[in-house]
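# Descriptive structure summary
One-letter residues, chain by chain:
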Amino acid sequence: MNNLQFRVVDSHTAGEPTRTIVSGGPKPEGENINEWIQSISKDFDRFRTAIILEPRGSEVMVGAHLLPPADPKNTAAVIFFNNVGYLGMCGHGLIGVVETLRYLQRIAPGTHSFETVAGIVQAELFDDFTVQLKNVPSYRTVEQLPLVTPSFGTVHADIAYGGNWFCLVKHPMMNDTNPSKSQLLKLATEILEQCRLTFPEVDHVELFGPPVTPNGNARNFVLCPGAMYDRSPCGTGTSAKLACLAASGELKPGESWIQEGILSTSFEGSFEWLDSTRGIITPFVRGRAFVNGDLNVVIDPNDPFAWGL
Ligand code: PYC
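### Observations concerning the pattern of salt bridges
Within this structure, the stated rule accounts for 11 salt bridges. Put simply, Arg-140, Glu-143 and Asp-158 are held in one network by salt bridges that share partners.

Spelled out as structure tokens, the structure:
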């Protein structure tokens, strides 16, 4: 039997990797992204495991599967995935996809729109190669919910949607300029477990504290599904944070918010009200990605770990 081959382009956005399938990937059944994700997760999940898991990938990576759009006025459809499954949206990932398309000379600076499972996301590619996302409608649903963790006592959580569901907690551990990642992971995992007892839709935890750079407004640590933490400030997490700031009146429409991640890299955020009576915003998130790999993936049918382990 012959090898199967397909091409992926690697990038990182503020330190967080994205691996985009740019050609030779599977062609799912269906007419639109909601049907395509069903088909991909049911019939082609091995492409996810092949490129994210060992021995070829890294569990930290987010994958992006590029597809022709259902509506030709959009640039592309994108299905995001990680070490354990599929994501409705991924902010750092979409910035990586835009940079990947620029690297491939498939797009030029200007405004591009993408079909994601969470909805249409616009991306403006600037001449300096930064990308600003106009993300899906975002909102806070719960304020200061007490959660009792087994090892860290009671924390207070806001729950908000920014393309994914987040539980956001201000925590003193984030006051440390170089906090222990394993302790942050333990804390965030315990918070997630408690939160999901009542809100099973929540699958990301965002711990936050003061900034460490002169221009920053806050720094976060984001636990993603699959027990990995985001090296970037997290695009959907920044959107959820903006929704909380808007709801509490701490940030006004059009004002800038510099969101640092755990590597002290940052995204610039701002928002417009979509529906101020219901607290729904349109978030804007700006960042930069760099392409750092262009790989021809080889699936050798004799390799027991060709599809990942
Ligand atoms: O940037 O939205 C994001 C994201 C979600 C999971 C990892 N990164």
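### Observations concerning the pairing of strand β15 (residues 257–260)
With burial as the criterion, each face of β15 is covered, one bearing Trp-257 and Gln-259 and the other bearing Ile-258 and Glu-260. With two bridges joining them, strand β13 (residues 218–223) and β15 adopt parallel strand pairing. Within the sheet, the bridge partner assigned to Arg-219 lies in β15 and is Glu-260. Across four bridges, β15 lies against strand β16 (residues 266–275) in antiparallel orientation. Bridge assignment links Gln-259 to a residue of β16, and that residue is Phe-267. In this structure, the hairpin formed by β15 and β16 is closed by a connection of five residues, where Ser-264 is found at a positive phi of approximately 70°.

### Overview of the site of the ligand
By nearness alone, every residue bordering the ligand is listed as Cys-90, Gly-91, His-92, His-204, Cys-224, Asp-230, Cys-234, Gly-235 and Thr-236. A distance of 2.7 Å separates an oxygen atom of the ligand from a polar atom in the backbone of Gly-235. Considering the ligand on its own, with 240 Å² of exposed area, one finds that the protein chains cover 99% of that surface. Elements with a minimum of two residues in the shell around the ligand: α3 (91–103) and α5 (235–248). Residues that form the shell around the ligand fall into these classes: three nonpolar, five polar and one charged.

### Looking at the nonpolar core
In this structure, Phe-80, Leu-94, Val-97, Phe-114, Cys-167, Ile-191 and Leu-207 are the most contacted members of the largest nonpolar core, which totals 55 residues. At six residues, helix α4 (residues 181–198) tops the list of elements feeding residues into this core. Val-8, Ile-51, Ile-52 and Ile-299 belong to the second largest nonpolar core, which has 14 residues in total.

### A look at the environment of Ser-256
Following the sequence through the fold, Ser-256 ends up in the loop between α5 and β15. On the basis of relative accessible area, Ser-256 is assigned to the partly exposed category, the value being 37%. Here the alpha-carbon distance between Ser-256 and Phe-284, two residues 28 residues apart in the chain, equals 9.6 Å. Excluding anything up to four places from it in sequence, Ser-256 contacts Asn-217, Leu-251, Glu-268 and Gly-269. A distance of 2.9 Å separates polar atoms of two side chains, one belonging to Ser-256 and the other to Glu-268.

### Examining the pairing of strand β6 (residues 110–116)
With respect to burial, β6 is a largely interior element, five of its seven residues being buried. The pairing of strand β4 (residues 76–81) with β6 spans two bridges and is parallel. Residue pairing for β6: Ala-77 is matched across the bridge by Glu-115. One ladder, built from seven bridges, connects β6 with strand β7 (residues 119–125); its direction is antiparallel. Note that in β7 the partner of Phe-114 across the bridge is Val-121. Here β6 folds back onto β7, and the loop between the two strands holds two residues.

### Here's the deal with the state of the cysteines
Within this structure, the stated rule accounts for zero disulfides. For Cys-234, which is in no disulfide, the shortest distance to another cysteine sulfur is to Cys-224 and amounts to 5.6 Å. Cys-167 supplies the cysteine sulfur nearest to Cys-244, a cysteine that is in no disulfide, at a spacing of 10.0 Å. Given a relative accessible area of 7%, Cys-244 falls into the buried group.

### Some points on α4
With 18 residues, α4 should reach 26 Å at 1.5 Å per residue; the first-to-last C-alpha distance of 26 Å fits that figure. Burial in α4 covers these residues: Leu-184, Leu-187, Ala-188, Glu-190, Ile-191, Leu-192 and Cys-195. Contacts from the buried residues of α4 go to β9 (139–149), β10 (153–161), β11 (165–170), β12 (204–209) and β13.

Each value, and the rule that gives it
- Residues numbered from 1 in each chain as written.
- Predicted model: local features only at pLDDT ≥ 70, side-chain atom pairs only at ≥ 80, totals over all residues.
- Heavy atoms only, no water.
- Salt bridge = Lys/Arg side-chain N within 4 Å of Asp/Glu carboxyl O.
- Buried < 20%, exposed > 50% of the residue type's maximum accessible area, 1.4 Å probe, protein only.
- Helix = DSSP H or I, 4+ residues; strand = E, 2+ residues; numbered from the N terminus.
- Pairing = 2+ DSSP bridges.
- Near = heavy atom within 4 Å.
- Polar contact = N/O pair within 3.5 Å; in protein donor to acceptor, adjacent residues only side chain to side chain.
- Areas by Shrake-Rupley, 256 points an atom, 1.4 Å probe, with all protein chains shown as cover.
- Nonpolar A, V, L, I, M, F, W, Y, C, P; charged D, E, K, R; others polar.
- Core = buried A, V, L, I, M, F, W, Y, C linked by side-chain atoms within 4.5 Å.
- Contact = heavy atoms within 4.5 Å.
- Disulfide = S-S within 2.5 Å.
- Expected span 1.5 Å × (residues − 1).

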